[in-house]
2 protein chains.
Amino acid sequence: MHTLFDIQTPAALVDAGKLQGNIRRMQARINSLGVRFRPHVKTSKCLDVVRAQLAAGAQRITVSTLKEADEFFAAGITDILYAVEIAPAKLPHALELRRRGCRLKLLVDNLDSARAIARFGQDSGERFEVFVEIDTDGHRAGVKPDDAALLEIARALQGPGAVLAGVLAHAGSSYDASTPAQLQAIAENERACAVAAANAIRGAGLQCPIVSVGSTPTALAAETLSGVTEVRAGVYVFFDLVMANTGVCGIEDVALSVLTTVIGHRADKGWVLVDAGWMAMSRDRGTQRQPIDYGYGLVCDAEGNPVPGYTMTATNQEHGIVSSPASAEDDIVRRFPVGMQLRILPNHACATGAQFDEYNVVEGTRHIATWSRFHGW
Amino acid sequence: MHTLFDIQTPAALVDAGKLQGNIRRMQARINSLGVRFRPHVKTSKCLDVVRAQLAAGAQRITVSTLKEADEFFAAGITDILYAVEIAPAKLPHALELRRRGCRLKLLVDNLDSARAIARFGQDSGERFEVFVEIDTDGHRAGVKPDDAALLEIARALQGPGAVLAGVLAHAGSSYDASTPAQLQAIAENERACAVAAANAIRGAGLQCPIVSVGSTPTALAAETLSGVTEVRAGVYVFFDLVMANTGVCGIEDVALSVLTTVIGHRADKGWVLVDAGWMAMSRDRGTQRQPIDYGYGLVCDAEGNPVPGYTMTATNQEHGIVSSPASAEDDIVRRFPVGMQLRILPNHACATGAQFDEYNVVEGTRHIATWSRFHGW
């Protein structure tokens, strides 16, 4: 397979130059902030992508599933943070990883879970390293920095079965912002809450070595990270239309797309039918409530240049409808003939990538590699 | 593994009794209508499910990808309809299946594609069987039964490289209906349009042996199928909340669910945090514009009994938020303790099933089998 035109559609494409540029840019920024970088690998679930992140300077990773921990530990990465509050039934799996040498770190935000880990650790002769999640914006999980529960949890993580590794904050609300000023304020709040929590723990006479913050938008917007020791970010490797809407990247930075082929038309409706539906794009409609709604994705030609005005406006399982409300007069049958390839930029790279078993890596229209990715739990 | 409580979450569960009941009910209905049944296997992509459909009386299948054709042909199923207009670059794959003995049938809705198939067939010494898609409701693809293009396409499919196998209609608008009267009208229109198209072709002196109609709602709502020779339906094997909203099944018929575990709470907000997010449920929000919006899914206890009022109201990649706007006063920490398992019924079984590599088959809380499913193209 030598060019993009030899690839069967639908297929996930990764633009090699854009990927490397995105990785370099983020690592340079984290370096300039004087902190360590722990990229979140849930976006790509691909060893080739993660190796590029490590080569650029990342020393550790964040995962969203123990399957990711299994896969990346098998590839030689040892410092792994599982950044979802662990269900008690998953503790034997975590133990097995630790016993094999993985420096797996867990996350909790409540006393019941902290005690369950400490007890399980003591019973099994393993001292688990555990982060406490700090809530900075009421977005999802976490303990507020001034909540009395924070110190109770920190105290429960002192003993033979568990040790407090640090605090972790994730400003999920950054995905809803759309101006630099909003993002800077959210990033500063994320930093300040995480540092306040760490200082509250230290004020009680306990150790809190790591202060971990991050999301792609706050990592790119933060003006200072005083008191923070490490940053996490994931989707920046590929970027996507949701990120473009927040203003932290341009459309031209989006490295992931779905290659599709025109299979028909409804000229009376201005519709071009293509062979990528929601099974390829995912059902993610993340730009629906953002400044620009891209439907199921932004249409580009096979070379990756946006086709002005055209988005994927509707999907079925294996059908996509591409149209431009403003260009209904176009001769779409001649402009987009049956057999023509298009690239669709996705709303949300984490969701779209997950629909595929492999990434087809391209430079322009040249196919240079195929990278496998895994999924499941 | 002996019970549901031994299953690591998130996991896809299939209730064996409900699955068998759904398969029996649909087959009995198709039999009573006096037509053949060609179930759409894109919902399950699972040989065990398809074998149950064949055992109940189906003689042929419909697929949405050539990967499905590969997989099910390898398992001995030969009469396979690929019900998406074929991209020209996929014709060599279709040829290879036909040469190995698969009675693969293709679909077109435009003259360019019909001619491309006929030419490719002639050049390769293979006579492809081809359906023409008929548009009955302006929903997606297809030719209107009175469109002059219909006969042009039919004539292009007469020769050494292609033969017209029949006409196919799919009333996609049936998913938007919510009363029996609406569904009966849509089903009758689907039937009438398909039969009118077949008769127009026959009136021009051409053969049109198969008249294929269907969707799960119209298959269950049709009062007569006079002139139709076969029906297609897919999601009925599992059903889902979108189907329950159309009225063609009850909540108690939904055979697919996602097993998840409570990992925390935000008691101040009435939130129960669970370890199934959109990666497990999919991003499908199909009930959003229906009479009842179930968020990302309806919450049941581990035995499968709905927990009144509780839905999955928000998701991140590996986090779900379960809550009940009407029950914010509940003591959710005690009612849903950390470690408790819940089942979430999905909006759209085709999308949710696709997030998993296997189905855990259960009878009540007893785990009786693990069935693999495939994905990709």
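Facing the 55 residues of chain B at the interface are 55 residues of chain A. Summing both partners gives a buried area of about 4,600 Å² for chain B against chain A, and 53% of it is carried by carbon and sulfur. On the surface where chain B and chain A come into contact, there are eight salt bridges. With a shortest N-O distance of 2.5 Å, Asp275(B) and Lys90(A) are connected by a salt bridge. For the interface between chain B and chain A, the tally reads 25 residue pairs in polar contact (both at pLDDT 80 or more). Among the secondary structure elements, those contributing two or more residues to the side of chain B that touches chain A are strand S10 (256-266), strand S11 (271-274), helix H10 (278-281) and helix H12 (349-353) of chain B. It is S10(B) that provides the largest number of residues to the side of chain B that touches chain A, a total of four residues. A class-by-class count of the residues in the side of chain B that touches chain A yields 21 nonpolar, 18 polar and 16 charged.

Let's shift gears to the sheet that holds strand S7 (residues 162-169) of chain B. Backbone hydrogen bonds are what pair the strands of a sheet, in a parallel or an antiparallel way. All names here are of chain B. Taken in spatial order, the eight strands of this open sheet run S2-S9-S8-S7-S6-S5-S4-S3, and their pairing is parallel. Since the sheet does not close on itself, it has two edges, and those belong to strand S2 (36-37) and strand S3 (61-63), each with one partner. Pairing analysis gives two bridges linking S2 to strand S9 (residues 230-231), with the strands arranged parallel. Across the sheet, the residue bridging to Arg36 is Glu230, located in S9.

Moving on: the sheet that holds strand S3 (residues 61-63) of chain A. Residues and elements named next belong to chain A. As summarised here, the arrangement of the eight strands in space is S2-S9-S8-S7-S6-S5-S4-S3, forming an open sheet in which the pairing is parallel. Because the sheet does not close on itself, it has two edges, and the strands there are strand S2 (36-37) and S3. Sitting on the sheet, helix H3 (residues 66-74) is in contact with S3, strand S4 (79-82) and strand S5 (103-108), with an inclination near 170° to S4.

This brings us to the relation of the copies chain B and chain A. With an axial shift of 0.0 Å and an RMSD of 0.0 Å, the rotation relating chain B to chain A amounts to 180°. In short, the pair behaves as if placed about a two-fold rotation axis. Every residue of chain B has its C-alpha some distance from the rotation axis, and the shortest such distance is that of Arg283(B), at 2.4 Å. Mapped onto chain A, 100% of the interface residues of chain B are again interface residues, and the two copies thus contact each other with one and the same surface.

Evaluated as defined, the whole model comprises 12 aromatic pairs over all chains. Taken together, a centroid distance of 6.1 Å and an interplanar angle of 35° make the contact between Phe120(A) and Phe128(A) tilted. The class of Phe120(A) is partly exposed, set by a relative accessible area of 23%. Between Phe238(A) and Tyr359(A) the ring centres are 5.4 Å apart and the planes differ by 65°, which places this aromatic pair in the edge-to-face class. One end of the pair, Phe238(A), is in the loop between strand S9 (230-231) and helix H9 (241-246); the other, Tyr359(A), is in strand S16 (residues 358-363), with 121 residues separating them in the sequence. The two residues Phe238(A) and Tyr359(A) agree in class, both being buried. If you follow Lys269(B) out to its NZ or CZ, it ends over the ring of Trp271(B), 4.9 Å from the centre. The ring of Tyr296(B) carries the charged tip of Arg285(B) above its face, separated from the ring centre by 5.7 Å.

Within this structure, the stated rule accounts for six cavities of 30 Å³ or more. The calculated volume of the largest cavity comes to roughly 110 Å³. Lining the largest cavity, in full, are Met279(A), Ala354(A), Gln355(A), His375(A), Gly376(A), Trp377(A), Met279(B), Ala354(B), Gln355(B), His375(B) and Gly376(B). Among the residues making up the lining of the largest cavity, the classes are represented as five nonpolar, six polar and no charged. The space that makes up the second largest cavity amounts to roughly 70 Å³. If you go around the second largest cavity, the residues you meet are Trp278(A), Ser282(A), Arg283(A), Ala351(A), Gln355(A), Trp278(B), Ser282(B), Arg283(B), Ala351(B) and Gln355(B). Residue classes in the lining of the second largest cavity are distributed as four nonpolar, four polar and two charged.

Calculation rules
Residues numbered from 1 in each chain as written. Chains lettered and ligands numbered in written order. Predicted model: local features only at pLDDT ≥ 70, side-chain atom pairs only at ≥ 80, totals over all residues. Heavy atoms only, no water. Contact = heavy atoms within 4.5 Å. Buried area = accessible area lost by both parts, 1.4 Å probe. Salt bridge = Lys/Arg side-chain N within 4 Å of Asp/Glu carboxyl O. Polar contact = N/O pair within 3.5 Å; in protein donor to acceptor, adjacent residues only side chain to side chain. Helix = DSSP H or I, 4+ residues; strand = E, 2+ residues; numbered from the N terminus. Nonpolar A, V, L, I, M, F, W, Y, C, P; charged D, E, K, R; others polar. Pairing = 2+ DSSP bridges. Axes fitted to C-alpha atoms, helices over the stretch in contact; angles between N-to-C directions. Least-squares fit on C-alpha atoms with pLDDT ≥ 70 in both. Phe/Tyr/Trp six-rings, centres within 6.5 Å; stacked < 30°, edge-to-face > 60°. Buried < 20%, exposed > 50% of the residue type's maximum accessible area, 1.4 Å probe, protein only. Lys NZ or Arg CZ within 6 Å of the ring centre and 35° of its normal. 1 Å grid on protein atoms, 1.4 Å probe; cavity = no way out; pocket = protein on both sides within 12 Å on 5 of 7 lines; lining within 4 Å. Points joined across faces, edges and corners; volume = space filled by probe spheres on them.

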